[in-house]
Amino acid sequence: MSDQQPIRILAERSAVPGVLRSLSRRQLLSMTAIAAGGLLLAACSDGGRPSPGAVARPTGGPLEDQLSIYSWADYDDPALLSAFTSASGPKIIVDSFGSNPELVAKLTAAKGTSGYDVVVPSSNYIPQMAANGLLMKLNKELLPNLAHMDTQFAVESDPDSEYAICKAWGTTGFVYDTTVINRELKTWGDFMDAAANEASGKTSVLDDPGELPGIYFWANGIQWETNDEEHLAAAEDYLVNTLAKHVSVFDSNPANGTIPQSTAVLIQAWNGSARQGIMASSTPEKWRWVLGAPNTEIFMDTWAVSATAPHPEASHAFINFMLKPESQLANVAYMGSHTGGAGIEELARAEGLPYLDMIFYTPEQVATMQPSTTTEGIARRVDIYNKMKAAASA
Amino acid sequence: MRRAVAPGFALALPAWIWLAAFFVAPVGVVFWYSFGYKPGLFGTHANDVLSLDRYAEVLTPTFFDTFANTLWVGVLGTALCFVVGAPIAYWMALKAPARVKGLLIALVMVPFWTNFLVRTIGWLILLSPEGWLSSLLQDLGFEPLGVLQTRSAVLLGVVYNYLPLMILPLFVAFDRVGDVVREASSDLGGTPLRTFARVTFPLARPGIIVGVLLVYIPLMGDYLTAVVLGGAKGNMVGQMLASQFQTAQNWALGSAMAIMLVLMIVLSIVALGALARLIAIPVRARYRVDLMEEVA
C-alpha cells in the first residue's frame, strides 16, 4: 500500500475532471498565498534611515500651498492656524502624537515619506534627532521673529537655534481640593503624605512612565533622570507597594474631567493642563496649585522642521508667524504655557490673563526645575509603570 | 446534462487573499519580531540575533496579575452581556410582533454606529460626581455618585459597549429556531420551560457560542472602555502591550506580549469550552435519546 491514501469522492462520473482540476488549482493557490505573505514580510522589514538632502533648503521663495504639522494634541490656538492660512495661503493639516518616541518612530519608519513639515519634539530629543538626520537645519534668515525670543529659553543643546526653537515650556506640580485636604501642601513629600491619607483612593497621577518615579526622586533629593538601579528599585518599591493602592486614575490631561468633574482630590499635573482644568471647574476657588518642590521638572517643546519636509518654505513662514509676540500671547492664553518669548509675561499681565502664577515662574523657582536630559532609561521606567498599574488595579 | 461549474474556490479567492495579506502576514510579522530585540534608542526592533529572551521578559508576575484582571473583566463582562442580552434577543426573535422586529434591530444597532470612545466618554460625563445625574441624586437627598473609577463602572461600560455584539447573533439564533418546532413541542405536552430547555436553547446553541466569542475575544484585547471608566481599576493587558509599542518603542517585547496574549486567550477559550462540556455531561446523560438503542 502506498503512503498516500487515495481521496474518495462520491460524485457523478462526468464531474470528475472538474474536481481534479479544482484540487490542483487549490494547491497552486495556497502556494501563491504563501509567496504573497513572504513578499509582504520582506516589505515590512527594516531598512535604512530617511535620506535628507533630497529636499532643497528653503531660500525664501514662494510658499507652497500646504503645510502639515505633527504636534502634541490641541497645542495651538486654532484661531492662529486659520489666521496664518488666510494671511499667507498654505492650507494647514494637523496630526498629533502622544509621546516623543512615537514622533521619532513615525519619522524613522516612514524613511522620509512621512509628509510632515513642522514637528514639535521635546528639547531633550533634539541632539539625537539631529544626529540621526531627522531634522532640517533652519534657515534663520527666514525667521526674523527669532529676535523676540528670550535666549534664556533657548534649547540647551542647540543654543543658536540651528534645529529647534522653544515653542512652549512648562513644569510639573499638583492640584488639590482644599475642601477635602484642609492643610497646606507644599512639597512632593506633602503630596505623598496626602495621597496616603485624605486623598487615598482619590489621587490622580500622570499617565507617564517618567513622571511617576519623578514624585519619589524629587521628594528625596535624587536627580529624576537617574539610571542608578538602587534608586530606581527604591522608587519602584514606593510606587508599587505604597502609592499604587491610593491611586484612582492615571491621567495625563486632568483638564478634561478629573479637575472640572472633581473625580479626584489630589492631582499630579503639568501646569498648562492644571490651569485649564481649574478654569473649566464650576468651583475654581476650591482648587490650589502647588509647584513641585523642593525639585521638579522643566520640559520644553520646540518648533523644528522634518529633514524631508515637502513644504520647507511654508514651514519657515509658519514658525516665523508663530514667533510673533501677538501669536505667542494668543497661545499663552490658549494653552497656559510660557512660549519662551522675551517680555511675554508683561504682555500677558497687560492683557489681564488669569492664573499667571501658574504660567510664569520666578528665576528662583526655575532654578529648582530639572530638565530631562537622557532618554536611555525609558525601558526600566515603563517596566515600573506597568508594575504600578497592575498593583493599582488589584 | 451539462452545466457551467464555477470552481468553489473562485468565490472564496478574495477572502483568501484578504486574510493572507491582512491577517496571516501581519500576525507572521508580529511572530517574527517577537524573537528579536530592541537595538537602541532609535530602533524599535531588530532580528539579526534570534532568541526567546523576550518571552522570558513577558512571563513576569506583572503580566499574569494584569492578565488576571483582564480575565476578570472579560469573563464577567461576557457573562453579564449574556444575562442582559439573551432575554432581549429571545423576546425580539420569538415574542415581539413581526412588524416591529426591524425597528427593534435598528434600536440595537443605531447606538453602535457612534464611535465607541465617544459613547464611553458620554458615560464618563453622566457618572461624574459633579454631573447632572449626581446633582439630581443629591437634590433628592442621596450621596454624590461614586461609581466612576471602580470595577462596577468598568462592567457597566463593557455591557453597554458590547451588548449589540451579543444580542444580534442571539437574535438570529432564536429567530432560526422558529415557531414550528416550538409549537410541536408544546403540542406534545412540553411546558414552556421544557420547550425552552430542550428545544429552543439546544437549537440556538451555535448562535450563543458565536455571541459569547464575539464579545469575549475583542473584550480581552480592549482597554479603552476599562481605562476610561475604571481609571486605575481598569488596567488591562492591552494597555501594557500598547505601552511597549508606543512609549517604550520596544516592538520586540510588545510582539512577544501580543503572541502570549493570543495564546492565553485561546487557552482560556479552550478551558471555558471544556468547563461548559463538563457541565453538559450530566444533562446529556439524562436526556440523551439514542436512536440505535431505541431501534434495537
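Here the structure is a predicted model, which means the values were calculated and not measured.

Colleague: Is there a simple way to think about the overall build of chain A in this case?
Modeller: Along its length, chain A carries 13 helices and ten strands. Long-range contacts, defined as pairs at least 24 residues apart, comprise 76% of the intrachain contacts of chain A with a sequence gap of at least 6. As presented, chain A carries roughly 17,400 Å² of accessible surface, and 54% of it is formed by carbon and sulfur atoms.

Colleague: Can you help me understand the side chain of Thr296(A) in this one?
Modeller: Structurally, the position occupied by Thr296(A) is in strand β9 (residues 296–305). Leaving out residues up to four positions away in the same chain, Thr296(A) has contacts with Thr171(A), Thr172(A), Trp188(A), Trp218(A), Leu291(A), Thr368(A), Met369(A) and Gln370(A).

Colleague: I would appreciate a short explanation of the confidence of the model for chain A in the present structure.
Modeller: Do not read the fine detail of predicted coordinates wherever pLDDT is low. Summary statistics for chain A give a mean pLDDT of 86 and a share of 85% for residues scoring 70 or more. Contacts of residues 22–54 of chain A to residues separated by more than four positions or lying in other chains number 32 contacts, the stretch itself having pLDDT below 50.

Colleague: For this particular structure, what's the right way to read the environment of Lys140(A)?
Modeller: Residue and element names in this part refer to chain A. In this structure, Lys140 sits in the loop between α4 (126–131) and β4 (165–177). Between the C-alpha atom of Lys140 and that of Tyr163, which follows or precedes it by 23 residues, the distance is 9.8 Å. In this structure, Lys140 is in contact with Leu146, Asp160, Ser161 and Glu162, ignoring residues within four places of it in sequence.

Colleague: Hey, could you run me through the interface of chain B and chain A in this one?
Modeller: Often the size quoted for an interface is simply the accessible area lost on bringing the parts together. Contacts between the two partners involve 38 residues from chain B, matched on the other side by 42 residues from chain A. Taken over both partners, the interface formed by chain B and chain A buries close to 3,300 Å², and the fraction arising from carbon and sulfur atoms is 62%. Here chain B and chain A share one salt bridge between them. As a salt-bridge pair, Glu130(B) and Lys286(A) come within 3.3 Å of each other at their nearest N and O atoms. Across the contact surface, chain B and chain A share ten residue pairs in polar contact (both at pLDDT 80 or more). Elements supplying a minimum of two residues to the side of chain B that touches chain A: α1 (8–33), α3 (61–95) and α10 (237–246) of chain B. Of the residues forming the side of chain B that touches chain A, the biggest block, eight residues, is contributed by α1(B).

Colleague: Would you explain helix α6 (residues 211–219) of chain A in this entry?
Modeller: Given 3.6 residues to a turn, an α-helix orients residues that are three or four positions apart in the same direction. All names here are of chain A. With eight of its nine residues buried, α6 lies for the most part within the structure. When we look at burial in α6, the residues that qualify are Glu211, Leu212, Pro213, Gly214, Ile215, Tyr216, Phe217 and Trp218. Trailing α6 by a residue or two, Gly221 shows a phi angle of about 65°, which is positive.

Colleague: In this structure, what is going on with the UniProt feature "transmembrane region" (unreviewed entry) in chain B? I would like to understand it.
Modeller: Residues and elements named next belong to chain B. Listed under "transmembrane region" (unreviewed entry) in the UniProt record, and renumbered for this structure, are residues 12–35, 71–91, 103–126, 153–174, 208–231 and 251–279. Taken end to end, residues 12–35 has its terminal C-alpha atoms 33 Å apart, with 92% of it in helix and 0% in strand. In the segment residues 71–91, helix accounts for 100% and strand for 0%; the C-alpha atoms at its two ends are 30 Å apart.

Colleague: Can you walk me through the nonpolar core in this structure?
Modeller: Most often, soluble globular proteins keep nonpolar side chains buried together rather than apart. Residue and element names in this part refer to chain A. Grouped together as the largest cluster of nonpolar side chains are 65 residues, with contacts concentrated most on Met129, Ile165, Trp169, Trp303 and Phe318. The biggest single contributor to this core is β9, with six residues. Composition of this core by domain shows at least three residues from each of domain 1 (66–169 + 299–367) and domain 2 (170–298 + 370–393). One finds Phe174, Ala199, Tyr238 and Ala244 within the second-largest nonpolar core, a separate group that totals 35 residues.

Colleague: What is the right way to read the environment of Ala204(B) from this model?
Modeller: Residues and elements named next belong to chain B. Along the polypeptide, Ala204 turns up in helix α8 (residues 192–221). Given the relative accessible area of 0%, Ala204 is considered buried. Linking Ala204 and Ala173, residues 31 residues apart in sequence, is a C-alpha distance of 4.9 Å. Residues within four places of Ala204 in sequence aside, it is in contact with Ala173, Phe174 and Val177.

Colleague: Would you take a moment to explain the packing of aromatic side chains for this structure?
Modeller: For any pair of aromatic rings, the description rests on two quantities: the centre-to-centre distance and the angle between the ring planes. All names here are of chain B. Evaluation of the coordinates by the stated rule reveals 27 aromatic pairs over all chains. Here the aromatic rings of Tyr90 and Phe174 are separated by 5.4 Å at their centres, their planes lie at 90°, and the arrangement is edge-to-face. With Tyr90 in helix α3 and Phe174 in helix α7 (residues 151–187), the pair connects residues that are 84 residues apart, well separated along the chain. You'll find Tyr90 and Phe174 in the same group, each marked buried. With centroids separated by 6.1 Å and ring planes inclined at 45°, the aromatic side chains of Phe196 and Phe201 adopt a geometry described as tilted.

Colleague: Which parts of the structure should I look at to understand the pairing of β9(A)?
Modeller: If a strand is regular, its side chains alternate between the two faces of the sheet. All names here are of chain A. Most of β9 is tucked away: ten of the ten residues are buried. Pairing geometry for strand β3 (residues 118–119) and β9, over two bridges, is antiparallel. Within the sheet, the bridge partner assigned to Val119 lies in β9 and is Ala304. The pairing of β4 with β9 spans six bridges and is classified as antiparallel.

Colleague: Quick question: what am I supposed to make of the layout of surface pockets here?
Modeller: Which parts of space are left empty comes out when a probe the size of a water molecule is rolled across the atoms. Residue and element names in this part refer to chain B. Its boundaries defined by the atoms lining it, the second largest pocket holds a volume of some 1,300 Å³. Along the wall of the second largest pocket there are 27 residues; nearest its centre are Phe201, Arg205, Ala276, Arg277 and Ala280. Where the lining of the second largest pocket is concerned, the elements lending two or more residues are α3, α8 and α11 (251–287). Ranked by residues supplied to the lining of the second largest pocket, first place goes to α11 with twelve residues. A class-by-class count of the residues in the lining of the second largest pocket yields 20 nonpolar, two polar and five charged.

Here is what the cut-offs are and how they apply
- Residues numbered from 1 in each chain as written.
- Chains lettered and ligands numbered in written order.
- Predicted model: local features only at pLDDT ≥ 70, side-chain atom pairs only at ≥ 80, totals over all residues.
- Heavy atoms only, no water.
- Helix = DSSP H or I, 4+ residues; strand = E, 2+ residues; numbered from the N terminus.
- Contact = heavy atoms within 4.5 Å.
- Areas by Shrake-Rupley, 256 points an atom, 1.4 Å probe, with all protein chains shown as cover.
- pLDDT = per-residue confidence, 0-100.
- Buried area = accessible area lost by both parts, 1.4 Å probe.
- Salt bridge = Lys/Arg side-chain N within 4 Å of Asp/Glu carboxyl O.
- Polar contact = N/O pair within 3.5 Å; in protein donor to acceptor, adjacent residues only side chain to side chain.
- Buried < 20%, exposed > 50% of the residue type's maximum accessible area, 1.4 Å probe, protein only.
- UniProt positions renumbered as here; feature names shortened; annotations may be inferred.
- Core = buried A, V, L, I, M, F, W, Y, C linked by side-chain atoms within 4.5 Å.
- Domains from an automatic or database assignment.
- Phe/Tyr/Trp six-rings, centres within 6.5 Å; stacked < 30°, edge-to-face > 60°.
- Pairing = 2+ DSSP bridges.
- 1 Å grid on protein atoms, 1.4 Å probe; cavity = no way out; pocket = protein on both sides within 12 Å on 5 of 7 lines; lining within 4 Å.
- Points joined across faces, edges and corners; volume = space filled by probe spheres on them.
- Nonpolar A, V, L, I, M, F, W, Y, C, P; charged D, E, K, R; others polar.

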